[in-house]
Amino acid sequence: MKKLFLLSLMLVMPMFAQAGGGSNVHLDSIQTDATDHASLQRGMKTFVNYCLGCHTAQYQRYIRAAEDLHMPEDLVTEHLILSNQKVGSQMTNAMDPKLAAKWFGATPPDLTNEVNLRGADWVYTYLRSFYADDSRPYGVNNVVFPSVGMPNVLAELQGVQSKICAQVPKKDTHGVVMIDSLTGKALTAQSCDVLSVEAGTGSLSQAQFDAVSYDLTNFMSYMAKPYKTDSQRIGMWAILFTMLMTVVFYFLKKEFWRDVH
Ligand code: HEC
């Protein structure tokens, strides 16, 4: 019994693993859609143009993406393979990991499994949470990944974000505003939660940039679970089959037991 309990505990543990992503920063939530091929194709385009220079996706082959995202192979070769790789190759790059570690303080990790590791909400929020910070080597920091080594490679699209700090009322754990007992005034604390894009610094509007980030995260979610649509489809048939068989076996049982009194 104890073993069974431990086993069931181990089975549910991975569900909580993602929740403990480290910091308790608010993450913006998105619904990824593995069937939205247009979004996935746009995401792949952004990925090869802006990410593949530093990051690899070594468990993803171009040809598999071509099949899954319904793209003709010759178009993939022409538009989405920016190196001299073949369509059957894995999505890798020529960056020397040792040099990258020297330049950025950390080697850019492989991103095939990133969404499994961090979750889609985290990646989506991360991409939109870079802000200007002069104390960092590349002049940027990130709300969900403090002191990140990655430069803000999408800055030309999004623009430069800065943190807006304001004095806000201090609240206790129940959300009630705290009062200074000596002065009777509300206590305040500095809050720098809000990021704002400096006007004229990016080529896209905020909504357009959110859409680019969504498509990119959607593509990264597909890479992390390329079998998702297949398993959903097969799962549906498996459930239908079980339901059908339940009916068949119910009548079969009735038939078997009819003469037994
Ligand atoms: C100029 C090189 C460079 C480019 C281009 C780049 N990155 Fe990064 N990225 C890095 C480095 C370096 C790190 C590791 C940061 C660290 O550990 O401090 C990183 C980290 C990350 C992480 C966090 C990994 C983790 O620890 O979980 C994600 C997610 C990520 N990058 C996504 C992207 C995406 C998506 C793109 C394309 C839009 C991109 N990166 C483009 C250099 C780059």
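The text that follows walks through the structure, step by step, so that each part is easy to find. Along every chain, residues carry numbers that run from 1 in the direction the sequence is written. At least 70 in pLDDT is required for a residue's local features to be given in this predicted model, at least 80 for side-chain atom pairs to be given and counted, and no such filter applies to totals for whole chains, interfaces and linings, which use all residues. Each side-chain value is worked out from all heavy atoms of the structure, with water and hydrogens disregarded.

### Description of the overall build of the protein
Phase 1 of the analysis: If you tally the helices and strands in the protein, you get 10 helices and 6 strands.
Phase 2 of the analysis: Dimensions of the protein along its principal axes, counting C-alpha atoms only, are 85 × 65 × 35 Å.
Phase 3 of the analysis: In the protein, buried positions account for 28% of the 261 residues.
Phase 4 of the analysis: Any two residues whose heavy atoms approach within 4.5 Å at even a single point are treated as in contact. Taking the contacts inside the protein whose residues are at least 6 apart along the sequence as the reference set, 69% of them involve residues at least 24 apart.
Phase 5 of the analysis: The accessible surface values rely on the Shrake-Rupley method and a 1.4 Å probe; as for residues, cover is taken only from the protein chains in view. Looking at the protein as shown, the accessible area adds up to about 17300 Å², and 61% of this sits on carbon and sulfur atoms.
Phase 6 of the analysis: Lys and Arg are tallied as positive, Asp and Glu as negative. Neither His nor the chain termini are counted. By convention, charge coordinates are those of NZ in Lys, CZ in Arg, CG in Asp, or CD in Glu. One way to put it: in the protein the 22 positive side-chain charges average out to a point 9 Å from where the 24 negative ones average out. Under the DSSP-based scheme used, a helix requires at least four consecutive residues in state H or I and a strand at least two consecutive residues in state E, with every element numbered from the N terminus. Throughout, exposure labels follow a simple rule: accessible area from a 1.4 Å probe, protein chains only, divided by the maximum for the residue type, with under 20% read as buried, over 50% as exposed, and the rest as partly exposed.

### Here's the deal with the site of the ligand
Phase 1 of the analysis: As a matter of local geometry, the ligand sits amid 23 residues, with Cys51, Cys54, His55, Glu114 and Met150 nearest to it.
Phase 2 of the analysis: Any N or O atom pair separated by 3.5 Å or less is treated as a polar contact, with the protein-specific requirement of one donor-capable and one acceptor-capable atom, and with residues adjacent in sequence counted only for side-chain atom pairs. Side-chain polar atom of glutamate 114 to an oxygen atom of the ligand: 2.6 Å apart, as the coordinates give it.
Phase 3 of the analysis: Measuring from an oxygen atom of the ligand, one finds a backbone N or O atom of glycine 149 at 2.8 Å.
Phase 4 of the analysis: For the shell around the ligand, the secondary structure elements donating two or more residues are α6 (114-118), α7 (120-127) and α9 (206-224). Throughout, near means a residue has at least one heavy atom within 4 Å of the molecule or strand.

### Quick notes on the environment of serine 147
Phase 1 of the analysis: Of note, serine 147 is situated in the loop between β4 (140-142) and α8 (155-158).
Phase 2 of the analysis: For serine 147, a relative accessible area of 44% translates into the label partly exposed.
Phase 3 of the analysis: Sequence spacing of serine 147 and arginine 136 is 11 residues, and the spatial spacing of their C-alpha atoms is 7.2 Å.
Phase 4 of the analysis: Sequence-distant contacts of serine 147, defined by excluding residues within four places in its chain, comprise Arg136 and Asn141.

### As for the pattern of salt bridges
Phase 1 of the analysis: Here, a salt bridge means any side-chain nitrogen of Lys or Arg that lies within 4 Å of a carboxyl oxygen of Asp or Glu. Enumeration according to the criterion identifies 7 salt bridges in this entry.
Phase 2 of the analysis: Between aspartate 68 and arginine 64 there is a salt bridge, and its shortest N-O distance comes to 2.7 Å. One end of the pair, aspartate 68, and the other, arginine 64, are both in helix α3 (residues 62-68), 4 residues apart, so they sit about a helical turn from each other.
Phase 3 of the analysis: Residue classification places arginine 64 among the partly exposed positions, given a relative accessible area of 33%.
Phase 4 of the analysis: Arginine 233 is the partner of aspartate 230 in a salt bridge, and the nearest nitrogen-oxygen pair spans 3.1 Å. Pair noted here: aspartate 230 and arginine 233 are both in helix α10 (residues 228-257), with a separation of 3 residues, about one helical turn.
Phase 5 of the analysis: When salt bridges that share partners are traced, they join Asp28, Arg128 and Asp210 into one network.

### Some points on the coordination of the iron atom of the ligand
Phase 1 of the analysis: A donor here means any N, O or S atom no more than 2.8 Å from the metal (3.2 Å for Na, K and Ca); water is not included, so a site may seem to lack partners. Around the iron atom of the ligand, the donor atoms from the protein are His55 (NE2) and Met150 (SD), and they sit 1.9 to 2.1 Å away.
Phase 2 of the analysis: For histidine 55, a relative accessible area of 11% corresponds to the buried category.

### Here we look at a negative patch on the surface
Phase 1 of the analysis: For patch building, the residue pool is restricted to those with more than 30% relative accessible area and no salt bridge; the joining distance is 9 Å between like charges and 5 Å between nonpolar side chains (Val, Leu, Ile, Met, Phe, Trp, Tyr). On the surface, Glu67, Glu73, Asp74 and Glu78 cluster together into a negatively charged patch.
Phase 2 of the analysis: Top contributing element to the negative patch by residue count: helix α4 (residues 73-79), with 3 residues.

### Concerning the nonpolar core
Phase 1 of the analysis: Nonpolar cores are built from buried Ala, Val, Leu, Ile, Met, Phe, Trp, Tyr and Cys residues. Side-chain atoms within 4.5 Å join them into one set. Ranked by size, the top nonpolar core spans 41 residues in total, and within it Met44, Phe47, Tyr62, Val76, Met91, Phe219 and Met220 carry the most contacts.
Phase 2 of the analysis: Listing elements by their share of this core, those giving two or more residues are α2 (37-50), α3, α7 and α9.
Phase 3 of the analysis: No other element matches the 9 residues that α9 contributes to this core.
Phase 4 of the analysis: Beyond its immediate stretch of four places on either side in the chain, methionine 220 contacts Phe47, Leu111, Thr112, Glu114, Val115 and Val123.

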